[in-house]
Amino acid sequence: MTTNQSPVTNPPTTNPPITSLPVTNYLFLRAALGETTERPPVWLMRQAGRILPQYRALRQRFPDFKAFVKTPDAAAEATLQPIDELGVDAAIVFSDILVIPEAMGLDYEMIEAKGPRFPKTIENQQDVSMLRSGAEAALSLEYVYEAIRISKRELAGRVPLIGFAGAPWTILAYMVEGSGSKTFSKARRLLYTQPVLAHELLQKITDTTIAYLRHQVLAGADLLQLFDSWAGELPPAHYRAFALPYLRQICEALPEVPKTVFAKGAWFALEDLAALPCQIVGLDWNISPEFAKQKTGGHKVLQGNLDPCTLYADTKTIEKETRAMIQAFGGKHIANLGHGVYPDTPLDGVKAFVGAVKNYDV
Ligand code: CP3
């Protein structure tokens, strides 16, 4: 055990943690720990979402995305849908990375077909000082912990459950920018103009994320993934200064479960990512398996990285590309796309991908 754990509040008492429930499909957990497996495990980022007709039907009941996320029964139902429909080897709890800014006191809206928007953004010291952080902020995310407990109960050990959070740089980017952006120039500007303030904000996000993920593990999450979706926006030196130290703190604080760091666009930081105390490094589709293996020195299990657009192709092409990807990784691999599955991907394409991995003979 490490000694640098920040204080945790008592775990919620409504339902006991069910971490002891046996997982019967060990493939993902075995692969995560670096074991050689008969085939790579497979799941898709954003599998709990609009690709599934069941999800779209459930979503009808919640005109407001945030109300959906905050209803644990519904969130658990969305979490299980891809297990039933696609037969993937892991579930990921249905939530969003933006629950962290909200828990810290920065409210967001999810605008249909457009994405998130923060009415108020972070600009100065006063804005950062006003934010809640750490265990106190994480307490308000009880609805996520409850969704995890229900999901674990309903999964009944069929597959492991992945908990997740946004990486601190990506969360800062939303809090400063106020929405998605082509350039993230406001967020990147802050790193040059107010670096001390940026570090203060990153530390507050990190403290909150650690407390949040610890609650997720207590509630039953078997593995954790950090999404650094805007990693590729930073120059390498800034990635080293403003992103990696916080990823390291989070990984070090949660030694009890395997962890994946998915830093999209961060091909330039693969060596640094390989040095983090995580087991799995997620790769986007711009990185070749050969390059990733060389840069990570065989120390990590690699996850990814089929171009999500492959799934628009015909079944034969999907199968061929999937097999080629598995071969190129040649073990220590978790099959996935190089980013979240696009919402208009045909379900048949998704199934062809999952099927191609599951039928793969090593
Ligand atoms: O299946 C899963 O992966 C679990 C659920 C999940 C969601 N968001 C649900 C969601 C996860 C892991 C996320 C992570 C997330 N959210 C990221 C990191 C991954 C990535 O894609 O890089 C980011 C950047 C966000 C922020 C976010 N949430 C955006 C930009 C959007 C709008 C774009 C979009 O896809 O519509 C969301 C909304 C969102 N989060 C949806 C889902 C299923 C769509 C909402 C709907 O039902 O209309």
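Position labels on residues start from 1 in each chain and follow its written sequence. In keeping with the predicted nature of the model, local features appear solely for residues at pLDDT of at least 70, side-chain atom pairs appear and are counted solely at 80 or more, and the whole-chain, interface and lining totals rest on all residues. Derived side-chain values reflect all non-hydrogen atoms in the structure, with water molecules and hydrogen atoms excluded from consideration.

This next bit is on helix α8 (residues 142-155). The terminal C-alpha atoms of α8, which comprises 14 residues, lie 20 Å apart, in line with the 20 Å expected from a rise of 1.5 Å per residue. Summary of the burial criterion: residues with accessible area below 20% of their type's maximum are buried, those above 50% are exposed, and those between are partly exposed, where the area comes from a 1.4 Å probe applied to protein chains only. Only runs of H or I of at least four residues qualify as helices and only runs of E of at least two qualify as strands under DSSP, and these elements are numbered from the N terminus. Judged by how many residues are buried, α8 sits mostly within the fold: 11 of 14 residues are covered. For α8, the full list of buried residues reads Y143, V144, Y145, E146, A147, I148, R149, I150, S151, K152 and L155. Looking at the residues trailing α8, positive phi occurs at A156, about 50 degrees. To estimate how far a helix should extend, the number of its residues minus one is multiplied by 1.5 Å.

When pLDDT is averaged across the protein, the result is 94; 94% of the residues are at 70 or more. Overall, residues 1-18 carries pLDDT values under 50, and its contacts beyond four positions in sequence, including any with other chains, amount to 33 contacts. Each residue carries a pLDDT value, the predictor's own confidence for that position, ranging from 0 to 100. In this analysis, two residues are considered to be in contact whenever any of their non-hydrogen atoms come within 4.5 Å of each other.

So, about the state of the cysteines. Pairs of cysteine sulfur atoms within 2.5 Å are identified as disulfides in what follows. Here the structure, examined in full by the defined rule, presents 0 disulfides. With no disulfide partner, C251 has as its closest neighbouring cysteine sulfur the one in C278, 5.0 Å distant. Classification of C251 as buried rests on a relative accessible area of 2%.

Time to look at the layout of surface pockets. Detection works on a 1 Å grid of protein atoms alone, calling trapped sets that fit a 1.4 Å probe cavities and calling open sets with protein on both sides within 12 Å along at least five of seven lines pockets, with lining residues defined by an atom within 4 Å of a point. Grid points are joined across faces, edges and corners, and a volume is the space filled by probe spheres set on the points. The volume enclosed by the largest pocket comes to roughly 1200 Å³. In terms of lining, the largest pocket is formed by 37 residues, of which the most central are R46, R50, D96, M110 and P116. Of all the elements in the fold, those that place two or more residues in the lining of the largest pocket are α2 (53-60), β2 (109-111) and β3 (115-117). Counting residues per element, the lining of the largest pocket draws most heavily on α2, which supplies 3 residues.

To continue, consider the site of the ligand. We define proximity as follows: a residue is near a molecule or strand when any one of its heavy atoms falls within 4 Å of that partner. Close to the ligand lie 23 residues, the nearest being R50, Y55, R59, S229 and H339. Two N or O atoms count as a polar contact when they lie within 3.5 Å, although within protein this holds only if one can serve as hydrogen donor and the other as acceptor, and sequence-adjacent residues are included solely when both atoms are side-chain atoms. Contact between the ligand and A48: an oxygen atom at 2.7 Å from a main-chain N or O atom of the residue. At a separation of 2.7 Å, a nitrogen atom of the ligand approaches a polar side-chain atom of D96. Only the protein chains shown count as cover for residues, and the accessible areas themselves come from Shrake-Rupley with a 1.4 Å probe. Here the ligand has 860 Å² of accessible area as a free molecule, and 89% of this is covered by the chains. Listed by contribution, the elements that provide at least two residues to the shell around the ligand are α2 and β3. Under the grouping applied here, Gly and all other residues not named as nonpolar or charged are polar, the nonpolar ones being Ala, Val, Leu, Ile, Met, Phe, Trp, Tyr, Cys and Pro and the charged ones Asp, Glu, Lys and Arg. Considered class by class, the residues forming the shell around the ligand number 13 nonpolar, 6 polar and 4 charged.

Bringing the sheet that holds strand β6 (residues 259-263) into the picture now. Any two strands are treated as partners once DSSP identifies two or more bridges connecting them. As summarised here, the arrangement of the 7 strands in space is β1-β4-β5-β6-β7-β8-β9, forming an open sheet in which the pairing is parallel. Looking at the sheet topology across the chains shown, the edges are occupied by β1 (91-92) and β9 (333-337). Both strand β5 (residues 223-228) and β6 contribute to a ladder of 5 bridges, which runs parallel. By the bridge assignment, D228 is partnered in β6 with A263.

Let us look at empty space enclosed by the protein. In this structure the tally under the stated criterion is 2 cavities of 30 Å³ or more. Lining of the second largest cavity is provided by F28, W43, I162, L223, L224, Q225, T260 and Q303.

Mapped onto the secondary structure, N336 falls in strand β9. Exposure remark for N336: the relative accessible area of 0% places this residue in the buried category.

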